[in-house]
Protein chains: 2
Amino acid sequence: MSWREELAVVVDALNPDKVFILTDSGVAPLFRHDEETTIMVAAGEGSKSFGTLEKVLGELVWRGATRRSLLVNIGGGMVSDLGGLAAGLFMRGIRHVNIPTTLLAMADAAIGGKTAIDFCGLKNQVGLFKMPERVITDSSWLSTLPWPLVRDGLAEVVKTAMLDGRECYEACLELPDRPDAASLGPLALRAAAFKQEIVDRDPREQGLRRILNLGHTAGHAFESLAARRGVTLSHGEAVAHGIAVALALSRKLLNASPALLDVYAARILLRFYNPLPTAVRDADALMEIMAHDKKNPAYGKISFILLRDVGEPETMVADAAEIKQALADVILIRDKR
Amino acid sequence: MSWREELAVVVDALNPDKVFILTDSGVAPLFRHDEETTIMVAAGEGSKSFGTLEKVLGELVWRGATRRSLLVNIGGGMVSDLGGLAAGLFMRGIRHVNIPTTLLAMADAAIGGKTAIDFCGLKNQVGLFKMPERVITDSSWLSTLPWPLVRDGLAEVVKTAMLDGRECYEACLELPDRPDAASLGPLALRAAAFKQEIVDRDPREQGLRRILNLGHTAGHAFESLAARRGVTLSHGEAVAHGIAVALALSRKLLNASPALLDVYAARILLRFYNPLPTAVRDADALMEIMAHDKKNPAYGKISFILLRDVGEPETMVADAAEIKQALADVILIRDKR
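Residues numbered from 1 in each chain as written. Chains lettered and ligands numbered in written order. Predicted model: local features only at pLDDT ≥ 70, side-chain atom pairs only at ≥ 80, totals over all residues. Heavy atoms only, no water.

Regarding the overall build of chain A
A count of helices and strands for chain A gives twelve helices and nine strands. Scaling as 2.2 N^0.38, a compact globule of 337 residues should have a C-alpha radius of gyration of about 20 Å, and chain A matches this with 20 Å. Each principal axis of the C-alpha distribution contributes one length, and for chain A these read about 60 × 40 × 35 Å. Considering only contacts in chain A between residues 6 or more positions apart, those separated by 24 or more positions represent 72%. Of the roughly 13400 Å² of accessible surface on chain A, a fraction of 52% belongs to carbon and sulfur atoms. (Helix = DSSP H or I, 4+ residues; strand = E, 2+ residues; numbered from the N terminus. Rg over C-alpha atoms; globule rule 2.2 N^0.38 Å. Contact = heavy atoms within 4.5 Å. Areas by Shrake-Rupley, 256 points an atom, 1.4 Å probe, with all protein chains shown as cover.)

Dropping the structure here:
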């Protein structure tokens with residue numbers, strides 16, 4: 001079923017009085033839409049702001065949205081983050097549906113109800129948990145994506161596959177060098193279904209859901225340091241290297257097979273992602289950022305999701321020496337290339 | 001137990017890493033507080049705005065609040081509405097405690113997790129449901145209140161008592177002409193406990209909780225019309241007259257005893273509240289506003305909480321002729337005085 005057909009079915013079931021679409025200036029040209037009911041924001045992370053949130057809420061007021069209205073977010077993670085938050089706040093909550101158009105949003109951002117805007121230079125600092133009524137995944141959107149956007153989402157697909165099990169992960173390892181919509185579609189759908197299962201079992205991230213942070217402890221540190229030093233680093237590159245750090249730690253702390261990291265490095269990291277910029281290879285600065293991560297159990301205790309094997313995640317606290325060694329291992333992999 | 005003692009017990013149980021206080025410029029002079037951990041906003045409904053919300057969230061970032069921090073809202077309904085929303089949004093939700101300092105906040109606003117700011121000239125248009133960890137009610141704050149603020153809260157106390165049962169309502173009827181903290185304290189505590197019970201049974205206002213809207217269908221219409229026409233009308237006056245409208249409709253639609261309205265008018269409405277300003281006595285304009293109320297089951301169907309008797313609320317849809325007659329009855333009561 002195309003997203004339009006599925007949306008028609010969902011709207012029929014939810015029976016809203018009015019349907020509004022939120023999208024961004026990059027996605028809007030990709031589909032037919034009605035100006036009357038479409039709220040448009042500028043493409044880019046910059047729209048995850050209080051200013052844009054107010055604009056979206058103001059448009060809902062202005063266009064006569066009520067408690068029984070439905071907001072349909074069509075776009076990447078920015079659109080579902082912003083639109084989910086607006087839906088959560090308008091009249092203390094109206095229903096919303098997400099239609100992800102990027103691989104990253106399909107595999108991750110559109111699912112699970114984490115909504116947010118950035119604030120005071122901090123990513124996702126202001127937001128709430130607001131579950132979409134439905135996430136409509138149509139892999140035909142993937143053919144609209146340029147390679148850098150595919151690569152960004154691929155890191156999340158691979159992450160999910162490593163948590164999911166051997167079969168999914170093997171499919172990722174077998175991807176062609178420039179995967180297209182046809183090869184990515186089934187993986188995106190499977191990643192979405194796996195994340196949805198985890199989220200249904202732990203909607204508020206009290207426990208199980210934390211496994212989805214695989215690769216994100218070091219990944220977020222790479223991203224923060226890059227931002228602080230004015231260096232470009234995509235989310236995909238950050239997470240792909242973060243997964244490698246987790247696998248190096250898994251070898252050390254969980255006796256995971258060395259092949260786990262070696263195969264990942266050869267088939268995913270080195271094949272799809274650029275090396276980390278020099279400015280980001282600063283173990284002390286990375287340690288400092290990880291120590292501040294809001295997900296740690298207490299200040300300075302840095303917790304990681306590790307893998308005993310594919311499909312066997314575990315939460316572990318690592319010490320500074322272990323983390324520095326893992327960072328060095330990952331940088332070495334790249335430099336040996 | 002004083003609020004300070006109770007707060008110490010609550011903080012001990014919640015074990016936050018840091019405690020921040022939110023208060024306003026009117027309440028701050030009434031208690032000792034530490035500038036380092038106190039966030040202050042201007043007193044008045046004007047602070048229920050996006051600008052002030054951003055300020056509060058910015059102060060939390062600036063002062064180093066984390067996911068494990070606690071926000072304590074000390075003030076009237078504005079402070080708990082704004083602070084509850086900020087707590088709900090900061091890092092997707094930190095814990096908060098409300099310490100209401102007005103009769104209105106004790107009996108109503110601080111309880112039940114409805115948080116909001118005003119937006120585009122619409123009251124409580126943007127907000128969310130975010131339950132406080134605890135509401136600490138200390139009636140010694142009541143001695144700090146000027147009579148107009150007491151009167152504002154009294155309408156909510158009377159409303160709650162009418163839903164609660166004969167005993168509480170009788171206590172309201174027996175209040176002295178200028179009730180002080182000593183006579184209001186027990187009623188405030190009982191109203192708070194009653195509302196908490198209702199909210200615990202229906203946290204998201206799916207059904208039962210709607211009975212708390214007694215007097216508010218017409219009450220909100222009076223308030224909106226007054227605002228639109230630039231006339232001063234307090235929340236207490238609006239709700240007190242709204243209750244009278246509900247009682248007039250109850251007589252007509254539920255065969256409630258005429259004494260219900262007569263006793264209420266003599267002992268509460270005429271004794272404590274000023275007549276409605278002429279500008280607000282416009283049945284057609286009031287009907288139009290009520291037809292737009294977001295709480296109606298569908299556009300134009302105006303639903304009311306009515307009373308078969310004290311303690312026996314029922315939801316009923318009334319038609320235009322019945323509502324106009326009830327409005328006329330209430331205005332007549334006042335004019336006969």
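Describing unusual backbone geometry
Most peptide bonds take the trans form, and the phi angle of most residues other than glycine is negative. All names here are of chain A. One non-glycine residue, Asn-15, adopts positive backbone phi at about 50°. Following the sequence through the fold, Asn-15 ends up in the loop between helix H1 (3-14) and strand E1 (19-24). Although it is not a glycine, Asn-124 sits at a positive phi angle of roughly 50°. Judged by relative accessible area, which is 16%, Asn-124 ranks as buried. (Buried < 20%, exposed > 50% of the residue type's maximum accessible area, 1.4 Å probe, protein only.)

A short note on the side chain of Asn213(B)
Within the secondary structure, Asn213(B) is located in the loop between helix H7 (181-201) and helix H8 (216-228). Accessibility expressed as a relative area gives 13% for Asn213(B), which makes it buried.

Points about the environment of Met91(A)
You can see Met91(A) is positioned in the loop between helix H3 (77-89) and strand E4 (95-100). Linking Met91(A) and Leu57(A), residues 34 residues apart in sequence, is a C-alpha distance of 9.7 Å.

Points about the interface of chain A and chain B
Listed as interface residues are 33 residues of chain A and, on the opposing side, 33 residues of chain B. Between chain A and chain B the total buried area reaches about 2700 Å² when both faces are included, carbon and sulfur atoms providing 61% of it. The interface formed by chain A and chain B holds zero salt bridges in total. With seven residues, strand E6 (residues 122-129) of chain A is the largest single contributor of residues to the side of chain A that touches chain B. (Buried area = accessible area lost by both parts, 1.4 Å probe. Salt bridge = Lys/Arg side-chain N within 4 Å of Asp/Glu carboxyl O.)

What about the relation of the copies chain A and chain B?
At an RMSD of 0.0 Å, chain A and chain B line up after a rotation of 180° and a shift of 0.1 Å along the axis. Look at the turn and shift together and you get a two-fold axis relating the two. Among all residues of chain A, the one whose C-alpha sits closest to the rotation axis is Phe50(A), at a distance of 4.2 Å. (Least-squares fit on C-alpha atoms with pLDDT ≥ 70 in both.)

Quick look at the pairing of E6(A)
All names here are of chain A. Two elements, strand E5 (residues 114-119) and E6, share five bridges in a ladder whose sense is antiparallel. Along E6, the bridge assignment pairs Ala-116 with Gly-127. Connecting E5 to the antiparallel partner E6 that follows it, the hairpin turn spans two residues, and Cys-120 within it adopts a positive phi of roughly 55°. (Pairing = 2+ DSSP bridges.)

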